[in-house]
Amino acid sequence: MLNGHGDDAFRYSGIRHNFSSNIFSHADLGGLKRFLASRLDVIGVYPEPEPRALARLIAECAGVSEASVLVTSGATEAIYMIAGMAGSSPAVICQPTFSEYADACRMAGVQVHSVSFPFPDHILSSEPALGSVTALPPFSSSSPESAVWLCNPNNPTGTVLPRNQVRAIAANARLLILDQSYGDYTAEPLLTPAEAVAAGNILQLHSLTKTYCIPGLRLGFVIGAPALIASLRQHLRPWSVNALALEAAGWLMARQSPLPERDAYLAETQRLREGLLALDGLSVVPTQTNFMLCRLKAGYGLTSAQLKERLATCYGILIRDASNFEGLTPYHFRVAAQTREE
């Protein structure tokens, strides 16, 4: 399940520059560390069985009712809970995308149908190097009995679907699982929490892990209509979110995200993309977020796995081998912008 994901620096010694994770790796977490050091006594008592206090805070910030929010131990826990809740409805998964959607559905015994991600026309027409992804059945109107899984912004392509397209997909599905974990990494307008609640059949996933650059503290939440959240709550394990994570969430949400200023960060992303495009032997998909999907030209005789090993062992640079995303090829890899100096 989790084999082959990014940010596997633990496999190497001497990694100096990590472009593998989609999270900005230079966030200033000094204040959070000092705060948590002052709160270590909480590890001696049980946290709330369900993080209701944090749910109330999120609901207030999102402009929805507390009944529309469920806090989870990262967005990944929510993915597995939703797959279990969806029951026998076939899952339609827009590929290439985060592999945990399909893994969670198969673990729950749900039939999975992969379809081509509904790319804007300019991406498909200008980037034929995406490889076999275009051979998947195109996304049109799914069966009204389907549960559709959609990542927006999408990992690994960086594509963002307009809100009207997202609403159209929801209108043709029994349930739309809309993963907006990278929502803070794009300037494109996304479906709001209030819109997700009003739709009645959308479960919108969010990741505090990504917003606050704290992948070691698993924190996420789901927003949806109260009836949907009540059903999902039946699949929540007690005490799934630990006490230090809850302390961190309250402290962080009272402050700005430690991400760089977004416009400057996205400008650096485009500068990095232009630099990669200038290299002989690479194509790079247009991106609307902080990461991008690249492809080595097959004629160079180098796969993405080989490139990753060479960069890591010889130069201390880590990239994400993207060949294990469904629909991609042995020549695809992904990088996320970091600092300009890197």
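Structure's up top.
Residues numbered from 1 in each chain as written. Predicted model: local features only at pLDDT ≥ 70, side-chain atom pairs only at ≥ 80, totals over all residues. Heavy atoms only, no water.

## Quick word on the side chain of Asn 152
So, point 1. Tracing the sequence through the fold places Asn 152 in the loop between strand E5 (147-151) and helix H6 (163-171).
So, point 2. The class for Asn 152 is buried, based on a relative accessible area of 1%.
So, point 3. Engagement of the side chain of Asn 152 in a polar contact is seen with the backbone nitrogen of Leu 161, the distance being 2.6 Å.
So, point 4. With near-sequence residues (within four places) excluded, Asn 152 lies in contact with Thr 159, Val 160, Leu 161, Val 166, Leu 178, Asp 179, Gln 180 and Leu 190. (Helix = DSSP H or I, 4+ residues; strand = E, 2+ residues; numbered from the N terminus. Buried < 20%, exposed > 50% of the residue type's maximum accessible area, 1.4 Å probe, protein only. Polar contact = N/O pair within 3.5 Å; in protein donor to acceptor, adjacent residues only side chain to side chain. Contact = heavy atoms within 4.5 Å.)

## Remarks on helix H9 (residues 226-233)
Working note: α-helix, 3.6 residues per turn, so residues spaced by three or four point in the same direction.
So, point 1. Along H9, the residues that are buried comprise Leu 228, Ile 229, Leu 232 and Arg 233. For H9, the arc enclosing every buried residue in end-on projection is 140°, short of the 170-degree limit, so these residues lie on one face.
So, point 2. At its buried positions, H9 is contacted by helix H2 (52-62), strand E2 (69-72), helix H3 (74-85), strand E6 (175-179), strand E7 (202-207) and strand E8 (220-223). (Arc of directions from axis to C-beta.)

## Some details on the pairing of E8
So, point 1. Side chains Gly 220 and Val 222 project from E8 onto one buried face, and the interleaved Phe 221 and Ile 223 project onto a second face that is buried too.
So, point 2. Bridging between E7 and E8 involves four bridges; their strand directions are antiparallel. Each residue of the ladder has a partner; that of Leu 205, found in E8, is Val 222. (Pairing = 2+ DSSP bridges.)

## Quick notes on the sheet that holds strand E13 (residues 332-336)
Pairing between sheet strands relies on hydrogen bonds along the backbone, with the strands arranged either parallel or antiparallel.
So, point 1. Strand order in this open sheet of four strands is E9-E10-E13-E12, and the pairing throughout is antiparallel. Here the strands that pair on one side only, and so sit at the sheet edges, are strand E9 (282-284) and strand E12 (320-321).
So, point 2. As paired strands, E9 and strand E10 (residues 291-296) are joined by three bridges and run antiparallel to one another. Within E10, the position partnered with Val 284 by the bridge is Cys 294.
So, point 3. Sheet strands touched by helix H11 (residues 262-277): E9, E10 and E13. Its angle to E10, the strand with the most contacts, is close to 5°. (Axes fitted to C-alpha atoms, helices over the stretch in contact; angles between N-to-C directions.)

## Let's talk about the sheet that holds E5
So, point 1. Strand order across the open sheet formed by seven strands is E2-E8-E7-E6-E5-E3-E4, with mixed pairing between neighbours. Two strands close off the open sheet at either side, each with one partner strand: E2 and strand E4 (112-116). With direction set aside, neighbouring strand axes in the sheet form an average angle of 20°.
So, point 2. Where E5 and E6 come together, five bridges link them in parallel fashion. Looking at E6, one finds that Cys 151 is bridged to Asp 179.
So, point 3. Against the sheet, H6 contacts E5, E6 and E7, and its axis sits at roughly 145° relative to E6.

## Topic: the pairing of E6
So, point 1. Burial within E6 is extensive, with five of its five residues counted as buried.
So, point 2. Across the two faces of E6 the burial is the same, with Leu 175, Ile 177 and Asp 179 and Leu 176 and Leu 178 all buried.
So, point 3. You can see the chain leave E5, run along H6 and come back into E6, and the turn it takes is right-handed.
So, point 4. Summarising the sheet, E6 and E7 pair through four bridges and their orientation is parallel. Along E7, the bridge assignment pairs Leu 178 with Gln 204.
So, point 5. Each parallel crossover has a hand, and the one from E6 via helix H7 (residues 193-199) to E7 is right-handed. (Right-handed = clockwise from strand over helix to strand, strands pointing away.)

## Points about the packing of aromatic side chains
Each aromatic ring pair is specified by the distance between its two centres and by the angle formed by the two planes.
So, point 1. All told, the structure shown has eight aromatic pairs when counted by the stated rule.
So, point 2. Between the aromatic rings of Phe 24 and Tyr 265, the centroid separation amounts to 5.3 Å while the plane-to-plane angle is 70°, which identifies the pairing as edge-to-face. Note that Phe 24 is positioned in the loop between strand E1 (17-18) and helix H1 (30-37) and Tyr 265 in helix H11, a separation of 241 residues in sequence.
So, point 3. Of the residues examined, Phe 24 reaches a relative accessible area of 9% and is grouped as buried. (Phe/Tyr/Trp six-rings, centres within 6.5 Å; stacked < 30°, edge-to-face > 60°.)

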